Amino acid sequence: MYQYSQHYMLCASASRMLLMCCLSLLAVHCVLLGTISALPADASFYKQQMLNGFHPQQKTDTCGYKSCNLGKDGMINVHLVPHTHDDVGWLKTVDQYFYGANNTIQHAGVQYILDSVVEALGKDPNKRFIYVEIAFFYRWWNEQDDPTRHFVKGLVNQGRLEFILGGWCMNDEASTHYNAIIDQHTEGFRFLETVFGDCGRPRVAWQIDPFGHSREMASLFAQMGFDGLYFARLDYQDRAVREKDKRMEMVWRGSPQNLGTVADLFTGALARGNYGPPGGFCWDVHCNDNPVQDDKRLHDYNVDDLVKKFLATTQEQAKQYQTNHLMWTMGSDFQFESAHQWYKNLDKLITYVNAQQANGSKVNALYSTPSCYTYAKNLANVTWTTKEDDFFPYAHVDHGFWTGYFTSRAALKGYVRWTNNFLQGVKQLDILSKLDTMDNSEIKLRTLRQAMGVAQHHDAVSGTEKQHVAYDYAMRLSEGISMCQEVVNDAYKKLLPKNNSATPPVQMFCTLTNISMCNVTELLKRFTVTVYNPIGRPVTTWLRLPVQGSAYTVIGPDGKNVPAQIVPVSKRTKSIPERKSPANYELVFHVSPPPLGFATYFVSYNSALEVFKQQQTQEKENVFYQDMDLRNEHISLIFDQTTGLLKQMTNLDKQITIPLQHEFKYYQSFAGNNSKGIYEASGAYIFRPNGTDAYPLKTNMVTKFMQGILVKEVHQTFSSWTTLVTRLYQGARHVEMEWTVGPIPIDDNQGKEVISHFATDLKTNGIFYTDSNGREILQRKRNFRPTWKLNQTEPVSGNYYPINSRIYIRDETKNVQLTVLNDRSQGGSSIQDGCLEIMVHRRNLHDDSLGVGEPLNETGSDGKGLIVRGKHYLVLDDIKSSGRVHRDLAEQLFMAPLPSFSDLKMDFQQWIKQYNTMWSGLKQKLPDNVHLLTLEQWSGTTVLLRLEHFYEKGEDDVLSKPAVVSLKGLFTPFDVSSAVELNLGANQKLADMKRLKWMYKTQLSTPEHVVTPIGDDLTVQLQPMQIRTFQVTLA
Ligand SMILES: [Zn+2]
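Residues numbered from 1 in each chain as written. Predicted model: local features only at pLDDT ≥ 70, side-chain atom pairs only at ≥ 80, totals over all residues. Heavy atoms only, no water.

Engineer: What's the story with the packing of aromatic side chains in this structure? I'm lost.
Structural biologist: Counted by the stated rule, this structure contains 59 aromatic pairs. The interplanar angle of 15° and the centroid separation of 4.7 Å between the aromatic rings of Tyr65 and Tyr375 together place this pair among those described as stacked. With Tyr65 in the loop between α2 (43–51) and β1 (76–82) and Tyr375 in helix α12 (residues 370–379), this residue pair connects regions lying 310 residues apart in the sequence. Using a relative accessible area of 17% as the deciding quantity, one classes Tyr65 as buried. The exposure class of Tyr375 is partly exposed, given its relative accessible area of 22%. Among the aromatic residues, those joined into a ring-pair cluster are Phe129, Phe281, Trp283, Phe310, Trp328, Phe336, Trp342, Tyr343 and Tyr367. (Phe/Tyr/Trp six-rings, centres within 6.5 Å; stacked < 30°, edge-to-face > 60°. Helix = DSSP H or I, 4+ residues; strand = E, 2+ residues; numbered from the N terminus. Buried < 20%, exposed > 50% of the residue type's maximum accessible area, 1.4 Å probe, protein only.)

Engineer: Just to check I follow, could you spell out empty space enclosed by the protein for this structure?
Structural biologist: One simple way to see leftover space: roll a probe sized like a water molecule over the atoms. Here the structure, examined in full by the defined rule, presents 11 cavities of 30 Å³ or more. A volume near 70 Å³ is recorded for the second largest cavity. Residue lining of the second largest cavity: 13 residues in total, with Ser175, His177, Val416, Arg417 and Gln456 positioned closest to the centre. Considering each element in turn, the lining of the second largest cavity owes the most residues, 4 residues, to helix α13 (residues 410–432). Split by residue class, the lining of the second largest cavity holds 4 nonpolar, 6 polar and 3 charged. (1 Å grid on protein atoms, 1.4 Å probe; cavity = no way out; pocket = protein on both sides within 12 Å on 5 of 7 lines; lining within 4 Å. Points joined across faces, edges and corners; volume = space filled by probe spheres on them. Nonpolar A, V, L, I, M, F, W, Y, C, P; charged D, E, K, R; others polar.)

Engineer: Is there a simple way to think about the sheet that holds strand β7 (residues 264–269) in this case?
Structural biologist: Pairing in this open sheet of 5 strands is mixed, and the strands run β4-β5-β7-β6-β11 from one edge to the other. The open sheet has two edge strands, β4 (204–207) and β11 (386–387), and neither has a second partner. (Pairing = 2+ DSSP bridges.)

Engineer: How should the UniProt feature "domain: Glycoside hydrolase family 38 central" (unreviewed entry) in the protein be read in this particular structure?
Structural biologist: The positions that UniProt labels "domain: Glycoside hydrolase family 38 central" (unreviewed entry) are, in the present scheme, residues 400–477. Span residues 400–477 is 63% helix and 3% strand, its end C-alpha atoms 32 Å apart. (UniProt positions renumbered as here; feature names shortened; annotations may be inferred.)

Engineer: What is the right way to read the packing of helix α10 (residues 303–318) against helix α11 (residues 339–355) from this model?
Structural biologist: Packed helix pairs are specified by the crossing angle of their axes together with the interaxial distance, meaning the distance between the axes. It is the contact of α10 with α11, at a shortest axis distance of 10 Å, that shows an interaxial angle of 75°. By the angle between their directions, the pair α10 and α11 is classed as roughly perpendicular. Of the residues in α11, those touching α10 at Val303, Val307, Phe310 and Leu311 are Leu349, Tyr352 and Val353. Across the contact of α10 with α11, the residue classes break down as 7 nonpolar, no polar and no charged. (Axes fitted to C-alpha atoms, helices over the stretch in contact; angles between N-to-C directions. Parallel < 35°, antiparallel > 145°, perpendicular 65-115°, else oblique. Contact = heavy atoms within 4.5 Å.)

Engineer: Even after reading the chapter, I still don't get the nonpolar core, so can you show me in this structure?
Structural biologist: The tendency in soluble globular proteins is for nonpolar side chains to be buried side by side. With 183 residues, the main nonpolar core has Leu80, Phe137, Trp206, Phe310 and Leu818 as its most contacted residues. Per element, the largest residue contribution to this core is 8 residues, and it comes from helix α7 (residues 178–196). Taken domain by domain, this core gets at least three of its residues from each of domain 1 (73–166 + 202–285 + 295–391) and domain 3 (930–1034). Aside from chain neighbours lying at most four places away, what touches Trp206 is His83, Ile130, Val132, Ile164, Leu165, Met170, Leu229, Tyr230, Met327, Thr329 and Pro370. (Core = buried A, V, L, I, M, F, W, Y, C linked by side-chain atoms within 4.5 Å. Domains from an automatic or database assignment.)

Engineer: I would appreciate a short explanation of the pairing of strand β36 (residues 826–829) in the present structure.
Structural biologist: For a regular strand, side-chain orientation follows a simple rule: the groups alternate between the two sheet faces. The side-chain alternation of β36 yields two buried faces, one formed by Gln826 and Gly828 and the other by Gly827 and Ser829. Of the strand pairs in this sheet, strand β33 (residues 801–803) and β36 are connected by 3 bridges, and their pairing is antiparallel. Its bridge partner being in β36, Tyr801 is matched across the sheet by Gly828. For β36 and strand β37 (residues 835–843), the ladder comprises 2 bridges, and the chain directions are antiparallel. The partner of Gly828 across the bridge, within β37, is Ile838. Linking β36 to β37, which pair antiparallel, is a turn of 5 residues; within it Gly834 sits at a positive phi near 80°.

Take a look at the structure:
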């Protein structure tokens, strides 16, 4: 999206979009299979070009840096970068953007852009163009004939068409998880490598539109082999200082405490905080600037004025940047649909600007690319400044903090996180069960990988798209999930049977258990639950299955009875309009699947009175004569007898007690008219409360206490639309808080932003900590920015940061840490000392005038307002022990066990004769600090494997030490015979990765870990926070 564009929505009919989506899914999978559509009308053009001597397959040294025009010494070289910024969904769906459909919303058609650019590039070897979003390029490539493909390969081989970034999309940086970020880049890189080889490998990252920039993104990009990163949006105050100090470009240290220089990345902020051309130089069909009118005999001759303006703009920009190289981004959103118009004017501009050199001008304009610009910067022999924090939050004006989208579309954010969990599990099952081409798993997995790829876009998971586009993203995920459920079934057909015995019953899936809805468990009296654990260590977790009966027998994989509890489904859950279920109860029991393996449990209805008695949950409502203690072996929570609110938490093992008050509050959204900065409204991007106070929600507080043999719960009704269930499971070392929020009322014509608020007496001195994309932790300080003196104009919103997986506060004196983990990305802060708040849901009645053209007003299936349900996990511990607890829990949350179900038509003894009830894909578990980040199909008989050390240095006395894993003898179904280490994006051998070296001031004490080669016995060593990527051959 572009900051100041204005588009208004005219919603297409849902049925039409359904049709489009289905058509696209049929079309999308054929590129690597070589399907070629009909010849386009201009195919003869490309044939003629080749007859004229254009040699597309000519393998030259002209791609990459060798193809660069580096300008003229002694002059200011202005690198003109023709580009288009193509959102993979925003105001229109990704398919509508590709074809140019639904143009009443926004005129944009990516297919025409690529048609037009390729033709223009073919006519002139001096011209350059960059392309970024592979989700679009892939669709376009798929529709080209052979001559066109050969022609385009030639353009790429000669550096005339260059891929920059090369991810499936340009992902959001605030609400994305590192697992999905790495995957979406791998998806794009892999296509480019397959089709274009090394000349298709992007050298530079390009995050020109995302609204704030995470440090982890810089670290990941560096590990993917990039030499540079460019973005446009940084805080207006930060930019002002950097422009003045010539610090618009720097070396960003992505992991200064852990990975050292391997995560350092040359980074540039684009001029004017903008990725379009300077004013007066926009020559797209969508622009209104005058063309270069260069016939002196005609009226309106303007060359002299344009050259003068060019030189003045150059001098202005030169004051802000080091070296005599400047970059101008010549293009913007969906531009270059008529490439000729842009290029014709650029050709003239270059000619007339450079003609002034004869008169002593020291400015040289040239066609270039971001990578050539980076190379020129690198050759300039300059010592660069460094940065070690991140670029959050982003404000474009004093009351315009882009911190609302950290939470916008909370349900979609939750769905994207869960889908990543499922996708990783299915990729593993595909490998472990050795599915072959007959199973078609590659195509099914690709569908979900690509749906996840577009969902990471900066107008997708960010929640800043129009409503019909949000539905489209969710539909793509849902279709991919359905296809991958078939892969799970195919995998279990191979893994469940013993000795090629009968095909096991069909596995069925329940994706709506979060609202206590599941056709299988609520309709069948006897069923199996097979739980797959995608983590390389055994885990134990709790299942809650909606059922109709009031007592069940549960048998574990070893044939022994498993204790179970029946918990009534709450009135609140039953009232969720999307829920269509006869279930009145939830069956709760404990499951323990082995590492990278499954365990099957057997559930059958049991009408015996003694079972019923044992499994029942006792309920008490509002019967507090004294404070209520919710307690298990490790934790005690005290609820106040008068207010019903939580007021104290104790870690019983460590004897740590803190006052802890929890409640829900809401900010009232500022309803501005956006006419100027002070009237900026709260909207999909912007969080702007009307004042600094959040209003508590505790009218009609009703509290219910529930207790059984496995779980104890406190149900709180804060209002008719805000409820909370606080759970302590037997043996758990964390508290589970399941919140249900919505429909947020708007009958008072006020938008609302709802927070979950924790207040303690911890002395925190304005300091709190948040994770970066689910990996390293950054320290935050209220009303403070590490690299400039902040003038704080929004005391709440200006202190909000993304929380991808956790936020915590510490009292160093008391040696106490309170950590809250979440199940999706959210925004949050510590607005008062000792307090934490996390925004869970928001509903606005005003558009914030930053392009989306709709208020963020999700209405749900009944049109009354969307209800969102999610979970927070609360941990209280001493500081030293907290790392181990939150790292371990975070891994289990984003890689939770995946249950599937089948109709049970035989008894346990018959089942175990035919099927495995417990199976692990690993011969021994992984070390406690190693995460199996990736296990998926690669090429031929090879598999892509990523191992990650998921602790930071110093976080834990034991687990922060280096870890060693031997790939030999690791897996049960196969062995690894050889391994080649790749870069993080898996598009280059690590041994071949030679990044540009930069001069910058760095602390000598900064660690730089040494990459240890793979041992003879395929042992791999991992340093804290290190991810190592291998292409492994299976024996
Ligand atoms: Zn964009």
